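Structural features, examined
Below, each chain spelled out in residue letters.
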Amino acid sequence: QVQLVESGGGLVQPGGSLRLSCAASGSIFVLYAWYRQAPGKQRELVASITSGGSTNYADSVKGRFTISRDNAKNTVYLQMNSLIAEDTAVYYCKGTPVGPSRSYWGQGTQVTVSS
């Protein structure tokens, strides 16, 4: 069974930090990405990382968020620093296997930034 399991979300004050984890199983993923969706808004791409370690970030999180992966453990991380209220959203992990296949999504983890 192919699945992605997210963890690390929670409540944090503005300026604080969180690290999200996404543990994959059942397949080898060549691309990971983190998306987020706030109430009433479109789901947006936050960051992505290839199997070779190339990364991309949304302009809104550049300099604050860092995506990384451990290929041996098939796990991707999102380190979130200097959090602001606008970062409040459900964060989703997506993994894309090599070859002709679909992408897979985790169930999401809630991040709330509030004082």
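Relevant structure appears above.
Residues numbered from 1 in each chain as written. Predicted model: local features only at pLDDT ≥ 70, side-chain atom pairs only at ≥ 80, totals over all residues. Heavy atoms only, no water.

1. Some words on the environment of threonine 50
- With respect to the secondary-structure elements, threonine 50 resides in strand 5 (residues 44-50).
- On the basis of relative accessibility, which here comes to 29%, the residue threonine 50 falls in the partly exposed class.
- The contacts of threonine 50, once residues within four sequence positions are left out, are Val30, Leu31 and Arg69. (Helix = DSSP H or I, 4+ residues; strand = E, 2+ residues; numbered from the N terminus. Buried < 20%, exposed > 50% of the residue type's maximum accessible area, 1.4 Å probe, protein only. Contact = heavy atoms within 4.5 Å.)

2. Points about the pattern of salt bridges
- For the structure shown, the criterion picks out five salt bridges.
- Between arginine 36 and glutamate 44 there is a salt bridge, with its nearest N and O atoms 2.7 Å apart.
- Here lysine 73 makes a salt bridge to aspartate 70, at a shortest N to O gap of 4.0 Å.
- On the accessibility criterion, aspartate 70 (26% relative accessible area) is partly exposed.
- Taken together, the salt bridges that share partners define one network made up of Arg36, Glu44, Arg64 and Asp87. (Salt bridge = Lys/Arg side-chain N within 4 Å of Asp/Glu carboxyl O.)

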